[in-house]
Amino acid sequence: MSEKNTQAVKSFFNDYASKFYSIYREEQKNPLRRFFDRTIRFSMFHRFQKVSEIIEKSNSKKILDAGCGPGWHDILLAKSLNVNITGIDVAPEMINIAQKECGKKNLESNLKFITADILEYDFNEKFEVIFALGVVEYFDDPADLLKKLKKICTKKILFSVPVLNHWLTPQRKIRYKMRNCPLWFYDEIKINNLMSKVSIENFLIHKIDRDYLIEISLPSNDL
């Protein structure tokens, strides 16, 4: 991702942090808002459910959430699967929320959050599963990101990208353009081309409403 795009994404999600986290706060919504989010944002919840199932089946305990946002996914996984998760995000306000919520729920022994650009951060460790939900679409060329994830992952990489031909795509393009935030959409041809570019052969494409969830299984020679 270019420095210009990195700063644009960081600025967008810093400003959007509290509102973004409210999407997941079911207890604070009125019935109309709850219906709206569960209808329009159905794929956000469904794709996470799929990720949770894959992590559980993989019998993995050490997880990286690349682009963790406010940490909602990580808190739920830590509670339901008793896994250890590191979350990293470029937006400081997102990490602030994640750390506060982690403290409220006494999950400090399971969760760690880092404010950094994942392409520049040196982890000095490997993870069994890495997932990135709502992240790859902000990279004009995500090849470098996937190559880095391959180096620090031993079992599976899971990431989502938005569907190019979906009825919600036009409004989302307009909304992000108005906020000067870059965003790219995908079809299966573009996904296959990306996988070929980073020399990944063993992967599945799960269609989940307005998103694709790509499940990469790493062979032993990638460890």
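Our subject is the structure that appears above.
Structure report, in brief. (Residues numbered from 1 in each chain as written. Predicted model: local features only at pLDDT ≥ 70, side-chain atom pairs only at ≥ 80, totals over all residues. Heavy atoms only, no water.)

Quick word on the side chain of T86
Defined as follows: Helix and strand assignments follow DSSP, with helices taken as H or I runs no shorter than four residues and strands as E runs no shorter than two, numbered in order from the N terminus. When accessible area is computed with a 1.4 Å probe and restricted to protein chains, residues below 20% of their type maximum are described as buried, those above 50% as exposed, and intermediate ones as partly exposed. Note on contacts: a residue pair qualifies if any of its non-hydrogen atoms lie within 4.5 Å across the two residues.
If you trace the backbone, T86 turns up in strand 2 (residues 84–89). For T86, a relative accessible area of 8% puts it in the buried group. When sequence neighbours within four positions are dropped, the list of residues in contact with T86 reads I63, L64, D65, K112, I114 and F127.

Details of helix 4 (residues 72–81)
One full turn of an α-helix is made of 3.6 residues, so residues set three or four places apart face in the same direction. Among the 10 residues of helix 4, 7 are classified as buried, and the element is accordingly described as predominantly covered. Within helix 4, burial applies to W72, H73, D74, I75, L77, A78 and L81. With its phi angle positive at about 55°, N82 sits one or two positions after the end of helix 4.

Side note on the environment of K62
Applied cut-off: For this analysis, a polar contact is any N or O atom pair within 3.5 Å, provided that within protein one partner can donate a hydrogen and the other can accept it, and provided that sequence-adjacent residues contribute only side-chain to side-chain pairs.
Along the chain, the position of K62 falls in strand 1 (residues 62–66). On the basis of relative accessible area, K62 is assigned to the partly exposed category, the value being 32%. Measuring from C-alpha to C-alpha, the distance between K62 and N84 comes to 5.2 Å, with 22 residues separating the pair along the chain. Excluding its chain neighbours within four sequence positions, the residues that come into contact with K62 are N84, E125, K126, F127, E128 and V129. A polar contact of 2.9 Å, which involves the side chain of K62, links it to the side chain of E125. Within the structure, K62 has its side chain in polar contact with the backbone oxygen of K126 (distance 3.3 Å).

Observations regarding the sheet that holds strand 3 (residues 111–115)
For the record, the criterion: Note on pairing: two strands pair once DSSP finds at least 2 bridges between them. For helices, the fitted axis covers only the stretch in contact; all axes are lines through C-alpha atoms, and the angles between them, taken along N-to-C directions, range from 0 to 180 degrees.
Across the sheet, 7 strands lie side by side as 3-2-1-4-5-7-6; this open sheet has mixed pairing. The sheet is open, and its two edges are formed by strand 3 and strand 6 (203–208), each paired on a single side. Going from strand to strand, the sheet's axes swing by 15° on average, the running direction of each strand aside. Of the strand pairs in this sheet, strand 1 and strand 2 are connected by 5 bridges, and their pairing is parallel. Within the sheet, the bridge partner assigned to D65 lies in strand 2 and is G87. Sheet contacts for helix 4: strand 1, strand 2, strand 3 and strand 4 (127–132); angle to strand 3, the most-contacted strand, approximately 165°.

Topic: helix 6 (residues 143–151)
All of the buried residues in helix 6 are A143, L145, L146, K148, L149 and K150. Where helix 6 is buried, its residues meet strand 4, strand 5 (153–162) and helix 8 (188–197).

A short note on unusual backbone geometry
Unlike most non-glycine residues, N59 shows phi in positive territory, near 55°. The topology assignment puts N59 in the loop between helix 3 (42–58) and strand 1. We classify N59 as exposed; its relative accessible area is 60%. In this structure, D209 is a non-glycine residue whose phi angle is positive, near 55°. Mapped onto the elements of the fold, D209 is located in the loop between strand 6 and strand 7 (211–217). A relative accessible area of 31% means that D209 is categorised as partly exposed.

Observations regarding the pairing of strand 1
Within strand 1, 4 of the 5 residues are buried, which leaves it mostly tucked inside the rest of the structure. Two elements, strand 1 and strand 4, share 3 bridges in a ladder whose sense is parallel. Bridging from a neighbouring strand, D65 pairs with F131 of strand 4.

A look at the side chain of D211
Its place among the elements puts D211 in strand 7. Taking the relative accessible area as the measure of exposure, D211 reaches 2% and is therefore buried. When sequence neighbours within four positions are dropped, the list of residues in contact with D211 reads S43, M44, R47, V161, P162, V163 and H206.

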